[in-house]
2 protein chains.
Amino acid sequence: MTALYETIADHITEQIRSGVYAPGDRLPSVRRIKSDHGVSASTAVEALRLLLDRNLAVNRPRSGYFVAKPRQSKPTRRVPQSRVDRSMQARDLRTPLSLRLNLGIGNPQRPTLGAAVQGPELMAVTAMNRLVSQAMRLNPVESHSYDAPPGSPDLRRALARRAPAAGMEVAPEEIVITSGAKEAVYLSIRAVTRPGDTVAIESPAYYALLEVLASLQLKVVEIPADPNRGIDLDSLAGVLDRHRIAAVALVSNFSNPTGSCMTDEDKATLTSLLARKRVPLVEDDVYGDLAFEGHRPKAIKAFDRDGWVLHCSSHSKTVSPGMRIGWCVPGRFLNQVEHLKLVVNQATATAPQLALASFLDSGRFERHLRRIRPLFARQVDDMIAAVERHLPSDTRHTSPAGGHVLWLQVPGLDSLALYEEAASRGIHIAPGPLFSAGRRYLDCLRLNCGFAFTDETDAQMAALGELITRQLDR
Amino acid sequence: MTALYETIADHITEQIRSGVYAPGDRLPSVRRIKSDHGVSASTAVEALRLLLDRNLAVNRPRSGYFVAKPRQSKPTRRVPQSRVDRSMQARDLRTPLSLRLNLGIGNPQRPTLGAAVQGPELMAVTAMNRLVSQAMRLNPVESHSYDAPPGSPDLRRALARRAPAAGMEVAPEEIVITSGAKEAVYLSIRAVTRPGDTVAIESPAYYALLEVLASLQLKVVEIPADPNRGIDLDSLAGVLDRHRIAAVALVSNFSNPTGSCMTDEDKATLTSLLARKRVPLVEDDVYGDLAFEGHRPKAIKAFDRDGWVLHCSSHSKTVSPGMRIGWCVPGRFLNQVEHLKLVVNQATATAPQLALASFLDSGRFERHLRRIRPLFARQVDDMIAAVERHLPSDTRHTSPAGGHVLWLQVPGLDSLALYEEAASRGIHIAPGPLFSAGRRYLDCLRLNCGFAFTDETDAQMAALGELITRQLDR
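Only a predicted model underlies this, so the values are computations on that prediction, with no experimental measurement involved.

Rules of the game
Residues numbered from 1 in each chain as written. Chains lettered and ligands numbered in written order. Predicted model: local features only at pLDDT ≥ 70, side-chain atom pairs only at ≥ 80, totals over all residues. Heavy atoms only, no water. Core = buried A, V, L, I, M, F, W, Y, C linked by side-chain atoms within 4.5 Å. Buried < 20%, exposed > 50% of the residue type's maximum accessible area, 1.4 Å probe, protein only. Contact = heavy atoms within 4.5 Å. Helix = DSSP H or I, 4+ residues; strand = E, 2+ residues; numbered from the N terminus. Expected span 1.5 Å × (residues − 1). 1 Å grid on protein atoms, 1.4 Å probe; cavity = no way out; pocket = protein on both sides within 12 Å on 5 of 7 lines; lining within 4 Å. Points joined across faces, edges and corners; volume = space filled by probe spheres on them. Nonpolar A, V, L, I, M, F, W, Y, C, P; charged D, E, K, R; others polar. Pairing = 2+ DSSP bridges. Axes fitted to C-alpha atoms, helices over the stretch in contact; angles between N-to-C directions. Buried area = accessible area lost by both parts, 1.4 Å probe. Salt bridge = Lys/Arg side-chain N within 4 Å of Asp/Glu carboxyl O. Polar contact = N/O pair within 3.5 Å; in protein donor to acceptor, adjacent residues only side chain to side chain. pLDDT = per-residue confidence, 0-100. Domains from an automatic or database assignment.

1. Things to note about the nonpolar core
Counting residues in hydrophobic clusters, the biggest one holds 166 residues, and the most contacted among them are L447 of chain A together with L447 of chain B. Look past the residues within four positions of L447 of chain A in its chain and what remains in contact with it is L113, M383, V387, H404, V405, L406, L408, I429, M461 and L464 of chain A. Judged by nonpolar contacts, the second largest core, of 66 residues, contains Y186 and V344 of chain A together with L213 and C328 of chain B.

This is the structure we're talking about:
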């Protein structure tokens, strides 16, 4: 049964969604809710708190509750642009593996500007420790026996219940649990391609995707992507007309490295286009929950009526990467993905699945998100300030509205050389060519903002600024 | 520093290995050890207990300690034989997936004769629950952060320390942690083949291997295998002369389904042959630790001087399948396997790795093995008795010396029909054709002996006997 405060919160949520209350509007006060709904003050406060948890409201001390404004990526011309030559030819990948050796993922205690990882204070360490122990204690046999695809029913139910947060309606039976979103993407790509096929990707693209494609002997076509709106749909449509494309693969929300977030309009257009062309889309949506303000952007899957979208996600960016839990909603490719999961490693560890299910079901996940989102926002802001403080004045940077990476362009920079020079001083960055099959973006780099900005971070940024200046002066 | 009792046990171990004490010989008494080594009675007892833990000695109450006799597979002509036509042609696989739906893995609380899984009382549930909780408490940051290939240094060190039990000398740097042995085999096969290649396998072969090969678009040649000694090396040598073989893949010790265990001589011959031909071998050795008596058989890897063996194993059969920890010692293919692990899912969950490392290092794993080995032996014996009690008198069966599966041949049987009929009564078996690329072994089936033999098991076997008799009478 729904609690009274939830009913009230649902009512106000509906009013926000339908525009009764617009972004920035003042919401009904506690007193007003008391009288309108005939409830106690504490029930009214609970209802408003739930709206905070849903990221629909903000609380301004001594003025009341207001409808949250979605934080927009700041439109600016000072943003690195996608660079793909007009031809957009399919090409073999040169795997960027060698570039991954120095991203600084080795020591989890130590912040890194290289790998896109986050500090432990942004994970749910204490809660997960307790919940894993509890899961094993309460379900000793299940925790240690063989699981089989599609994975724990408890976790699939919990994920299905939370799917509406990303605009999706998903049944537990449509979900396959994987060992991280990375495995979900790997299995999805394998499910819809054969060696030699061509996959269309955004440019720049997440390097781990490039590695999957190279490892499976696939060719790629890089499609220009806007640092704010993501993949250019006109270019994509043109490529789909000209090439035999086996699949499209991209990060839908707060993409890595640019932080771009596709609009709902683009998401709808894209799903129609792909359904018409009968081309599957592998959607990586690991950053969607890390919207800095306002509610979570919808998944592309939310617009998918024909099952061509394979939606991949995880809680590695929000709860715990070390537990290795991800999932896939493969649409019409459900059987293939389930079978591949069986073939590759049978199942994902059981106890972490059960623990995550409890975390989601108890509502603690939403509270946790509410705590960490502003921290990520702050870290990104601090990093932007450091870029403006220490890097050459003509440096361009993104201003993402979620996630925790920044993408920079420094005219004239050789980021591969910088990467080596910085690594030798114990500073790790991700150089631009890592994000392109054709090794474009030599004058770009990605900075991780997954850790609290400290004096040490500032010293690293200052050192980076010096290295860049010295390089450009040569 | 080595404790005194360990030094004494090492001394006697050396004497057993060099033949000073032969299998069945009486070992020095506590009194004798006291006087020989000038130690206390309790130290002498500790030393003898350690020999028990090492499976080198048995204790006969009131007579003393004796050198353990390795339990031999009982040679008998009443054993199902490998059936491969002389031509041994490479062929495309028909994937046996559809046959896997009814192996009864769905409910871990319920014993099954179908899937090769074990009862929770044979796992180390309580110890692992405690050790996982402890690992997370003591290493909160490490437990929840991203791990990267090759995996936890603690676990790789613990595995390296225990490698001599299988005759191997392995450094931690040579080991890659995977999500179960299944993933180790998948990554190994991917590392050494390309789509369209041909792989030589034993016949019958473990069905999950066949699925991996089919999924990677590989062809297979089935090589005859003896139910006692395993793969026929003359046949294999002939095939290597005639075909371009990309890799050989087999289960070295207590193979699934026949329970065959290769001799040390064959293992040495095989590694020389493959090194000469420069053909990699994917060795699956998940059952080696489940030798019923005597010490653990050596891994093929123990004989590998040139790095052509990719050794795959796990503790899923001995400690906990649900934790999904396995590993690979890929020899000269180390970089490829490490890279593929990164591509497929980045890493295996961290806390279970740390917990397993503690379990191995504390010596509890050896004590646990000492406890479960006779239980598995008993379960296999009980099942053989039930086969002889309930199944037609001309039924042939294996008598494995380790592991927990039996392989039967019932002349005239259609095991696919039996599989359906039995499943409709809630009884699960693994039909013979599941274990062959060419769907051979229609009159064979595999029985799982992973659970304590109960009245319910006996009733299932009686029902199976009836179904078989009815089928043969038709």
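2. Some details on helix α11 (residues 334-345) of chain B
Residue and element names in this part refer to chain B. Spanning 12 residues, α11 covers 17 Å between terminal C-alpha atoms, matching the ideal 16 Å at 1.5 Å per step. In terms of residue burial, α11 counts as a mostly covered element, since 9 of its 12 residues are buried. Within α11, the full set of buried residues consists of L334, V337, H339, L340, K341, L342, V343, V344 and N345. Of the residues flanking the end of α11, it is Q346, one or two places downstream, whose phi is positive at about 70 degrees.

3. Considerations on empty space enclosed by the protein
Residue and element names in this part refer to chain A. With the rule as written, the count across this model stands at 15 cavities of 30 Å³ or more. Taken as a whole, the largest cavity holds about 450 Å³ of empty space. Of all the elements in the fold, those that place two or more residues in the lining of the largest cavity are α7 (180-192), α8 (207-215), β7 (247-251) and β8 (281-284). Within the lining of the largest cavity, the residues separate by chemical class into 19 nonpolar, 5 polar and 7 charged.

4. Focus: unusual backbone geometry
A cis amide bond links P149 of chain A with the next residue in sequence, P150 of chain A, at an omega value of 10 degrees. The amide bond that connects S203 of chain B to the next residue, P204 of chain B, takes the cis arrangement and shows omega of 0 degrees. In this structure, R439 of chain A is a non-glycine residue whose phi angle is positive, near 55 degrees. As for its placement among the helices and strands, R439 of chain A is situated in the loop between β13 (430-431) and β14 (444-448).

5. Some details on the pairing of strand β9 (residues 309-314) of chain A
All names here are of chain A. Counting buried positions along β9 yields 6 of 6 residues, so the element is predominantly enclosed. Where burial is concerned, the two faces of β9 agree: the one with V309, H311 and S313 and the one with L310, C312 and S314 are both buried. The pairing of β8 with β9 spans 4 bridges and is classified as parallel. Residue D284 lies in a different strand from β9, and its bridge partner there is C312.

6. Some remarks on the side chain of R162 of chain A
Of note, R162 of chain A is situated in helix α6 (residues 153-162). Filtering out sequence-adjacent residues up to four positions away, R162 of chain A remains in contact with D289, L360, F365, E366 and L369 of chain A.

7. Some thoughts on the sheet that holds β8 of chain A
Residues and elements named next belong to chain A. Read across the open sheet, the 8 strands follow the order β3-β10-β9-β8-β7-β4-β5-β6; overall the sheet is mixed. Each edge of the open sheet carries a strand with a single partner, namely β3 (176-178) and β6 (230-231). As paired elements, β9 and strand β10 (residues 326-329) share 4 bridges and run antiparallel to each other. Pairing of S314 across the sheet is with G326, part of β10. The strands touched by helix α11 (residues 334-345) within the sheet are β3, β9 and β10, with β3 carrying the most contacts at an inclination of about 35 degrees.

8. Observations regarding the interface of chain A and chain B
On the side of chain B, 56 residues touch chain A, which itself brings 56 residues to the contact. Carbon and sulfur atoms make up 60% of the area that chain A and chain B hide from each other, which totals about 4,700 Å². The interface formed by chain A and chain B holds 0 salt bridges in total. Inspection of the region where chain A meets chain B yields 34 residue pairs in polar contact (both at pLDDT 80 or more). Put simply, the parts of the chain that give the side of chain A that touches chain B at least two residues each are α4 (125-138), α5 (140-144), α7, α8 and α11 of chain A.

9. Structural notes on the confidence of the model for chain A
With 93% of its residues at a pLDDT of at least 70, chain A reaches an overall mean of 91. Reported confidences for the modelled complex are a pTM of 0.85 and an ipTM of 0.84.

10. Some thoughts on the pattern of salt bridges
Residue and element names in this part refer to chain A. Evaluation of the coordinates by the stated rule reveals 34 salt bridges over all chains. Measuring nitrogen to oxygen at the nearest pair gives 3.2 Å for the salt bridge that ties R32 to D36. Of this pair, R32 and D36 both sit in helix α2 (residues 30-37), separated by 4 residues, roughly a single helical turn. The class of D36 is partly exposed, set by a relative accessible area of 48%. Note that R389 and D458 form a salt bridge whose closest N and O atoms lie 2.6 Å from each other. Separated by 69 residues along the polypeptide, R389 in helix α13 (residues 364-390) and D458 in helix α15 (residues 455-473) bring together distant segments of the chain. On the basis of relative accessible area, R389 is assigned to the partly exposed category, the value being 48%.

11. With respect to the domain arrangement of chain A
Interface extent is often summarised as the accessible area lost during association of the parts. All names here are of chain A. By domain assignment, chain A separates into domain 1 (4-67), domain 2 (104-123 + 366-473) and domain 3 (125-363). One C-alpha centre belongs to domain 1, the other to domain 2; they are set 38 Å apart. Every contact between the two is made by 4 residues of domain 1 and, on the other side, 4 residues of domain 2. Looking only at domain 1, the three residues that lose the most surface to domain 2 are L52, D53 and N55, adding up to 95% of its buried area. For the pair domain 1 and domain 2, the interface holds 0 salt bridges. Inspection of the region where domain 1 meets domain 2 yields 0 residue pairs in polar contact (both at pLDDT 80 or more).

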